[in-house]
Amino acid sequence: MGYLRKRGKMVLKKKNREEVRKKKYALWMKLWTCLEKYKKVLVIKCDNIGASIFHNIRQALRPFGAVIVMGKNTLLKAGIKRRMDDPKTTDEDYEYRKTTFKPAPELQKLIDVCEGYLGLIFCNDKLSEIKDVLKGFSCQKGAKIGSVAPSDVFIQPGPTGLDPKQTAFFQALNIQTKIVKTQIEIINSGKILSKGQKIGASECALLDKLGIKPFVFEVAVRNVYDNGVIYSPSVLDIKKEEILEKIKKGACYLTAVSMQSGYPTSLSARQSILSGFKNLVAVTMNIPFDFKESKSLKATESKAKPKEKAEKKEVKKEIKKEEKKEEKKEEPAPAPDALEGGMSLFGGDDQSLNYIYSPKT
């Protein structure tokens with residue numbers, strides 16, 4: 001790209017300026033066609049993601065008919081604002097925009113969400129499936145000076161393979177080390193970086209020397225634009241089955257309230273009709289009056305009554321048999337008295353006792 005020096009500043013040549021302007025307008029044209037064709041947009045975060053990964057993402061999203069538009073947030077915002085503005089006769093593309101312009105004030109919500117380095121995925125349906133596809137793309141990168149750590153970083157104990165002259169890096173970070181076989185060995189695990197901390201030169205140099213790439217970056221969905229409404233991507237995780245279950249529970253609660261309060265609704269109509277039919281059938285069971293539906297119920301009941309009576313008789317007979325068996329059981333006989341039958345308290349008969357206690361003559 002050629003430059004011209006003018007008053008100590010580098011200025012682009014006129015030809016290159018025209019090329020940049022053409023590329024910018026081509027991106028705007030792509031953005032405008034997507035805004036007219038699609039009604040749903042996934043706003044994705046693209047920090048520290050390489051171009052090769054987005055190439056793979058484009059291939060993965062082709063079956064869904066989705067389109068990705070990448071660019072700086074200022075460029076995308078300017079394109080959306082240009083789409084919202086009324087066409088003017090002084091514009092170069094007045095003839096084109098005059099035929100295709102449609103007022104779309106709801107796009108202002110999409111402009112408010114565009115922040116940082118981002119991408120826009122245009123689609124009409126299957127938002128949750130597209131979000132699941134994006135979760136499979138990530139890259140692992142090392143630390144950079146001046147960037148913010150997205151997570152905590154720890155160093156595990158063990159040999160490092162570094163010579164003893166490089167102990168200054170560990171001392172600057174308060175990491176305990178020792179020299180074993182002419183190489184530095186870490187004694188205890190140490191925390192180098194905390195989440196949200198700005199990465200310095202010493203932390204970055206130490207991680208590079210150890211060959212550690214601690215950070216994993218993913219293509220994350222930041223916001224969802226759906227027909228002029230912005231909502232969180234966590235809504236896409238809700239499944240249809242969960243929504244149907246909640247609707248069923250709500251319908252049951254409304255039906256119970258309307259039945260208890262006596263206020264009829266479309267939900268309680270079925271239950272009210274069933275309860276009224278039961279009451280009519282119950283009344284006709286004890287009177288000679290019948291109607292079409294009650295006759296069939298009476299017939300089934302009359303068939304079932306003999307069987308129930310026979311079953312009740314059998315149960316009564318079994319109960320009586322068990323009661324008779326319990327009465328016939330004999331009580332246990334009492335134990336014989338030890339003193340009866342001529343036996344003495346000491347195990348002998350009366351004659352032996354008389355012999356022992358008889359006085360001497």
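The following refers to the structure shown. (Residues numbered from 1 in each chain as written. Predicted model: local features only at pLDDT ≥ 70, side-chain atom pairs only at ≥ 80, totals over all residues. Heavy atoms only, no water.)

1. Some words on the side chain of K40
1) Next: Within the secondary structure, K40 sits in strand β3 (residues 40–45).
2) Next: No salt bridge is formed by the buried K40, whose closest oppositely charged neighbour, D226, lies at an N-O distance of 4.2 Å.
3) Next: A polar side-chain atom of K40 sits 3.3 Å from the main-chain carbonyl oxygen of N124.
4) Next: Leave out the neighbours within four places in its chain, and K40 touches I121, F122, C123, N124, D125, L127, Y225 and D226. (Helix = DSSP H or I, 4+ residues; strand = E, 2+ residues; numbered from the N terminus. Buried < 20%, exposed > 50% of the residue type's maximum accessible area, 1.4 Å probe, protein only. Lys, Arg positive; Asp, Glu negative; His and termini not counted. Salt bridge = Lys/Arg side-chain N within 4 Å of Asp/Glu carboxyl O. Polar contact = N/O pair within 3.5 Å; in protein donor to acceptor, adjacent residues only side chain to side chain. Contact = heavy atoms within 4.5 Å.)

2. Regarding the pairing of strand β5 (residues 118–123)
1) Next: Most of β5 sits inside the fold, with 6 of its 6 residues counted as buried.
2) Next: Judged by which residues are buried, β5 turns out to be covered on both faces: L118, L120 and F122 on one side and G119, I121 and C123 on the other are all buried.
3) Next: Looking at chain direction, β3 and β5 are connected through 6 bridges and run antiparallel. By the bridge assignment, K40 is partnered in β5 with C123. (Pairing = 2+ DSSP bridges.)

3. Side note on the sheet that holds strand β8 (residues 158–159)
1) Next: If you walk across this open sheet you meet the 3 strands as β8-β10-β9, and the pairing is antiparallel. Edge strands, defined here as strands with exactly one partner in the open sheet, are β8 and β9 (177–179).
2) Next: Bridge analysis of β8 against strand β10 (residues 184–186) gives 2 bridges, and the strand direction is antiparallel. Bridge pairing in β10 links G158 to I186.

4. Side note on the pairing of strand β13 (residues 220–226)
1) Next: Judged by how many residues are buried, β13 sits mostly within the fold: 5 of 7 residues are covered.
2) Next: Between β13 and strand β14 (residues 229–231), which follow one another and run antiparallel, lie 2 residues, and N227 among them has a positive phi close to 55 degrees.

5. Examining the pattern of salt bridges
Side-chain pairing between opposite charges can occur once the charged atoms of the two side chains come close.
1) Next: A full pass over the atoms with the stated rule returns 4 salt bridges.
2) Next: The partner of K98 in a salt bridge is E95, with the nearest N and O atoms 3.5 Å apart. Of this pair, K98 and E95 both sit in helix α4 (residues 94–100), separated by 3 residues, roughly a single helical turn.
3) Next: Using a relative accessible area of 44% as the deciding quantity, one classes K98 as partly exposed.
4) Next: Judged by its relative accessible area of 54%, E95 falls in the exposed class.
5) Next: We note a salt bridge from D132 to K135, for which the minimum N-O separation is 4.0 Å. One end of the pair is D132 and the other is K135, both in helix α6 (residues 127–135) and 3 residues apart, which spans about a single turn.

6. Considering the packing of aromatic side chains
The description of an aromatic ring pair rests on the distance of the ring centres and on the angle between the ring planes.
1) Next: The tally for this structure, following the rule as stated, stands at 4 aromatic pairs.
2) Next: With centroids separated by 6.3 Å and ring planes inclined at 35 degrees, the aromatic side chains of W28 and W32 adopt a geometry described as tilted. Separated by 4 residues within a single helix, W28 and W32 lie in helix α1 (residues 14–37), roughly one turn from each other.
3) Next: The class for W32 is buried, based on a relative accessible area of 3%.
4) Next: Judged by centre distance (6.4 Å) and plane angle (40 degrees), the ring pair of Y38 and F122 falls under tilted. Of this pair, Y38 sits in the loop between α1 and β3 while F122 sits in strand β5; the two residues are 84 residues apart in sequence, bridging distant segments of the chain.
5) Next: Overall, the relative accessible area of 9% leaves Y38 in the buried class.
6) Next: Grouped by ring-pair contacts, the aromatic residues Y25, W28 and W32 constitute a single cluster. (Phe/Tyr/Trp six-rings, centres within 6.5 Å; stacked < 30°, edge-to-face > 60°.)

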